[in-house]
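This is what each chain is made of:
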Amino acid sequence: KNKAMTTLNIPGSVTLIGASNIVENTPNVKVQVLYGSTGYTYATRKGINYENVGTYYVPESLLEYVENDTGVTLTKYKGAGGIVILPDTIDGKPITSIGAYAFIPDGAINDKTISQLYLPSTLKTIEANACRGMIYMVKVDIPATCESIGLRAFQACSRMTEVHMSESTAVN
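Residues numbered from 1 in each chain as written. Predicted model: local features only at pLDDT ≥ 70, side-chain atom pairs only at ≥ 80, totals over all residues. Heavy atoms only, no water.

### Let's talk about the overall build of the protein chain
Looking only at helices and strands, one finds 1 helix and 14 strands in the protein chain. A total of 172 residues make up the protein chain; the buried ones form 42% of that total. Accessible surface, the protein chain: about 8,900 Å² in total, of which carbon and sulfur atoms supply 50%. (Helix = DSSP H or I, 4+ residues; strand = E, 2+ residues; numbered from the N terminus. Buried < 20%, exposed > 50% of the residue type's maximum accessible area, 1.4 Å probe, protein only. Areas by Shrake-Rupley, 256 points an atom, 1.4 Å probe, with all protein chains shown as cover.)

What follows is the structure in structure tokens.
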């Protein structure tokens, strides 16, 4: 055991933390993590003393998109589960729409274990079936800029307990 170490910063780029690691063998360490990162998920699940030092946004490399009239439409999320916080822009263009089946791999029921989804503050539209079948999702945060949510956008999200959205959002 390492009793001298007091702080460990886990960068957002870390995607896997093994079962036997430095954190569990260092009793007095405070882990610094980014909210939404693998380090954050690990610390909260294990009850490890942590400090939130920022927010981890999904890297652009895990997002596929097409351009639209007002910015871009996110067409596919290629990342893992946990807390997913989408950035406001891709390649400098605002994400204004979440496309149909963007979170559904190959049109099947979603096998990603996304538990919380935070949509970009630039969002205007969530298309039909965009998040359909995200069976592990318990929370979604829809920004006040969102004007429309398509049919079955969140159908079969059976564990959903929290939906944060503006009163002005139109649900189709």
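From this point, the discussion proceeds with the structure in view.
### Some details on the confidence of the model for the protein chain
Considering every residue of the protein chain, the mean pLDDT works out to 86; 87% of them sit at 70 or more. The secondary structure element of the protein chain with the lowest average pLDDT is strand E14 (residues 170-171), at 66, and the one with the highest is strand E8 (residues 93-98), at 98. (pLDDT = per-residue confidence, 0-100.)

### Here's the deal with the packing of aromatic side chains
Applying the stated criterion across every chain, the model contains 4 aromatic pairs. Ring centres 6.1 Å apart and planes at 75° place the aromatic pair Tyr35 and Tyr118 in the edge-to-face group. One end of the pair, Tyr35, is in strand E2 (residues 30-35); the other, Tyr118, is in strand E9 (residues 114-118), with 83 residues separating them in the sequence. Across this residue pair, the class does not change: Tyr35 and Tyr118 are buried. Three or more aromatic residues joined by ring pairs make a cluster, and in this case those are Tyr35, Tyr40, Tyr50 and Tyr118. (Phe/Tyr/Trp six-rings, centres within 6.5 Å; stacked < 30°, edge-to-face > 60°.)

### Observations concerning the pairing of E2
With 3 bridges joining them, strand E1 (residues 7-9) and E2 adopt parallel strand pairing. Of the residues in E2, the one forming a bridge with Thr7 is Lys30. In the sheet, E2 pairs with strand E3 (residues 50-55) via 4 bridges, with the strands oriented parallel. Following the sheet pairing, Tyr35 is matched in E3 by Thr55. Considered for its hand, the β-α-β crossover made up of E2, helix H1 (residues 38-46) and E3 is right-handed. (Pairing = 2+ DSSP bridges. Right-handed = clockwise from strand over helix to strand, strands pointing away.)

### Regarding the sheet that holds strand E13 (residues 162-164)
Note: strands within a sheet are paired through backbone hydrogen bonds, in either parallel or antiparallel orientation. Spatially, the 4 strands line up as an open sheet ordered E6-E9-E11-E13, and their pairing is parallel. The outermost strands of the open sheet, each flanked by one partner alone, are strand E6 (82-85) and E13. With direction set aside, neighbouring strand axes in the sheet form an average angle of 10°. Bridge count for strand E11 (residues 139-141) against E13 is 3 bridges, and the pairing is parallel. Opposite Val140, over in E13, you have Val163 as the bridge partner. (Axes fitted to C-alpha atoms, helices over the stretch in contact; angles between N-to-C directions.)

### A word on the sheet that holds E3
Pairing is parallel across the open sheet formed by 3 strands, whose spatial order is E1-E2-E3. Looking at which strands have only one partner, the edges of the open sheet turn out to be E1 and E3. Pairwise comparison of adjacent strand axes, ignoring direction, gives a mean angle of 25° for this sheet. The strands that H1 touches are E2 and E3; relative to E2, the one it contacts most, it runs at about 125°. (Contact = heavy atoms within 4.5 Å.)

### What about the pattern of salt bridges?
Overall, the coordinates contain 2 salt bridges when judged by the stated rule. In this structure, Glu67 and Lys93 form a salt bridge, with 3.7 Å as the shortest nitrogen-oxygen distance. Residue Glu67 is located in strand E4 (residues 63-67), and its partner Lys93 is located in strand E8; the two are separated by 26 residues in the primary sequence. In this structure Glu67 comes out as exposed when scored by relative accessible area, which is 56%. (Salt bridge = Lys/Arg side-chain N within 4 Å of Asp/Glu carboxyl O.)

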